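# Chains, contacts and geometry: an overview
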Amino acid sequence: MKQFTYARATTPTDAASSAAAHRRTRFIAGGTNLLDLMKLEVETPEHLIDINRLGLDAIEETADGGLRIGTLVRNSDLAADPRVRERYPVLSRALLAGASGQLRNKATTGGNLLQRTRCYYFYDTAMPCNKRHPGSGCAAIGGYNRIHAIVGASDSCIATHPSDMAVAMRVLDAVIHTVAADGNVREIPIGEFYRLPGDTPQVENVLADGELITHVTLPPPPPGRQVYRKVRDRASYAFALISVAAIVNFEEGRIADARIAFGGVGPMPWRDDELERAARGVGSDEVSLRTLAETALGDARGQGHNDFKPVLARRTLGAVLVEASGRTDA
Ligand code: SF4
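Residues numbered from 1 in each chain as written. Predicted model: local features only at pLDDT ≥ 70, side-chain atom pairs only at ≥ 80, totals over all residues. Heavy atoms only, no water.

### As for the packing of helix 10 (residues 286–293) against helix 11 (residues 309–324)
At a minimum axis separation of 8 Å, helix 10 and helix 11 run at an interaxial angle of 145°. Considering how the two elements wind past one another, helix 10 and helix 11 form a crossing that is right-handed. Of helix 11, the residues touching helix 10 (which contributes E286, L289, R290, L292 and A293) are R314, R315, L317, G318, A319, L321 and V322. Of the residues contributing to the contact of helix 10 with helix 11, the split by class is seven nonpolar, one polar and four charged. (Axes fitted to C-alpha atoms, helices over the stretch in contact; angles between N-to-C directions. Helix = DSSP H or I, 4+ residues; strand = E, 2+ residues; numbered from the N terminus. Left-handed = near helix turned anticlockwise from the far one by under 90°. Contact = heavy atoms within 4.5 Å. Nonpolar A, V, L, I, M, F, W, Y, C, P; charged D, E, K, R; others polar.)

### Topic: the site of the ligand
Close to the ligand lie 14 residues, the nearest being C119, C129, C138, C157 and I158. A class-by-class count of the residues in the shell around the ligand yields ten nonpolar, three polar and one charged. (Near = heavy atom within 4 Å.)

### Notes on helix 1 (residues 12–21)
Since there are 3.6 residues in each turn of an α-helix, residues three or four apart along the chain are aligned in direction. Three or more residues of helix 1 are buried, namely A15, A16, S18 and A19. Around the axis of helix 1, the buried residues are gathered within 165° of arc, so they sit on the same side. The inward-facing, buried residues of helix 1 contact strand 2 (25–28), strand 3 (47–50), strand 6 (175–179) and strand 8 (212–218). (Buried < 20%, exposed > 50% of the residue type's maximum accessible area, 1.4 Å probe, protein only. Arc of directions from axis to C-beta.)

### What about the side chain of N112?
Position of N112 relative to the elements: it lies in helix 7 (residues 109–114). Of the polar contacts made by the side chain of N112, one reaches the side chain of Q115; its length is 3.0 Å. (Polar contact = N/O pair within 3.5 Å; in protein donor to acceptor, adjacent residues only side chain to side chain.)

### Notes on the pairing of strand 5 (residues 67–70)
Here strand 4 (residues 59–61) runs beside strand 5; their pairing, made up of three bridges, is antiparallel. Following the sheet pairing, E61 is matched in strand 5 by L67. Remark: five residues form the turn of the hairpin made by strand 4 and strand 5, two consecutive strands paired antiparallel; G65 in that turn has positive phi of roughly 95°. Pairing between strand 5 and strand 8: four bridges, direction antiparallel. Bridge assignment links R68 to a residue of strand 8, and that residue is T217. (Pairing = 2+ DSSP bridges.)

### Observations regarding the nonpolar core
Where a protein is soluble and globular, its nonpolar side chains tend to be buried together. L78, L91, L113, M169, F262 and L297 are the most contacted members of the largest nonpolar core, which totals 64 residues. Setting aside its immediate chain neighbours within four residues, L78 contacts I59, I69, V73, V84, L91, L95, T109, M165 and M169. Counting twelve residues, the second-largest nonpolar core is a separate cluster that includes V42, C119, Y123 and A159. (Core = buried A, V, L, I, M, F, W, Y, C linked by side-chain atoms within 4.5 Å.)

### Re helix 11
An ideal rise of 1.5 Å per residue puts 22 Å on 16 residues; helix 11 measures up with 22 Å between its terminal C-alpha atoms. Within the span of helix 11, buried status applies to K309, P310, A313, R314, T316, L317, G318, A319, V320, L321, V322 and A324. After helix 11 finishes, the residue G326 shows a positive phi value of roughly 115°. (Expected span 1.5 Å × (residues − 1).)

### Describing a nonpolar patch on the surface
On the surface, a nonpolar cluster with roughly 310 Å² of combined accessible area is contributed by M1, F4 and Y6. With respect to the helices and strands, the residue Y6 is situated in strand 1 (residues 5–8). (Patch = residues over 30% accessible without salt bridge, like charges linked within 9 Å, V, L, I, M, F, W, Y side chains within 5 Å. Areas by Shrake-Rupley, 256 points an atom, 1.4 Å probe, with all protein chains shown as cover. Salt bridge = Lys/Arg side-chain N within 4 Å of Asp/Glu carboxyl O.)

### Details of the pattern of salt bridges
Side-chain pairs of opposite charge can arise whenever the charged atoms involved come near each other. Applying the stated criterion across every chain, the model contains 18 salt bridges. Its salt-bridge partner being R26, residue E43 comes within 2.9 Å of it at the nearest N-O pair. Of this pair, E43 sits in the loop between helix 2 (34–39) and strand 3 while R26 sits in strand 2, and the two are 17 residues apart along the sequence. Given a relative accessible area of 36%, R26 falls into the partly exposed group. Counted as one network, the salt bridges with shared partners bring together R26, E43, R116, K131 and E204.

### A closer look at the domain arrangement of the protein chain
Reports often express the size of an interface as the amount of accessible area lost when the parts come together. Split into domains, the protein chain comes out as domain 1 (5–52) and domain 2 (225–324). The straight-line distance from the C-alpha centre of domain 1 to that of domain 2 is 36 Å. (Domains from an automatic or database assignment.)

### With respect to the packing of aromatic side chains
Going through the model one piece at a time under the given rule, you end up with four aromatic pairs. Consider the rings of Y120 and Y121, whose centres lie 6.0 Å apart with planes at 80°: the pair is edge-to-face. Looking at Y120, the relative accessible area reads 32%, which means it is partly exposed. Of the residues examined, Y121 reaches a relative accessible area of 14% and is grouped as buried. Ring geometry for F193 against Y194: centres 5.0 Å apart, planes inclined by 85°, an arrangement best described as edge-to-face. Just as F193 is buried, Y194 falls in that class too. Every member of this aromatic cluster is reached through a ring pair, and the members are Y120, Y121 and Y144. (Phe/Tyr/Trp six-rings, centres within 6.5 Å; stacked < 30°, edge-to-face > 60°.)

Following this line, the structure appears as structure tokens:
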């Protein structure tokens, strides 16, 4: 591990301005991803700013009936919160599908959003990787790419975003709140937070240098049944090959409205707008729902070892839609 300096921030603005004043700075909270990356020298910050004592660890009601989640709220606390369990079960289930109990006790809301890809080559400093070392190439293209993207990829990078929590937040239309070094605050809808890799895969989101996530707000939950389903190589402590978060509202035997987000398919939690439009009016019988699911992710393209993913994504969605319709044997 490279040497670095360390400071503890006392206010969010102090943290952001301190980050902007130093070279190669990283905020640290739970450290569940950053410390691994530092040990491997994938991340080599010169300065760490500890934000654990900023007091941003509350879950509060908002005036419009939603929730305000501090950036330091631990994943296990968020999953167990009775308001989340009752009103946002898709979020609670997604959180509990992620990592392990020990990691969820440390990992924070803000850190979960910002965690880096689990592409094997990103973690192997002997291999070319445009995300880790821009311009070096992408070992996953033409390499072993079983866990990689089927949508949103580029000729520079085919990595996926690994978060479960972010997939649920995407379907809930969460808003990410930040403070910058100059004290300015802004609100970023989660659908505008992540960037496609293009030819700059090292730039993963729209945050400026030193900009700190302070909290996330959830609007009131939309009507409908919430489902989260994750498909992975083992029953726990594994990242998603495919995950689906859905909120589906049925009225008079048909889908009145559907929100659907996929994880494990691209560089960000992925909404398929065309699919959601096509869902309206579809009957709630199993054949109609599974037929609808077959139309998902029309642009999906495998990279070789992950050619199974488009099929797996559609079958997982089919099961999710049937479960949302009220059947328990999907
Ligand atoms: Fe690096 Fe992205 Fe290629 Fe993985 S897919 S090796 S993260 S450039």
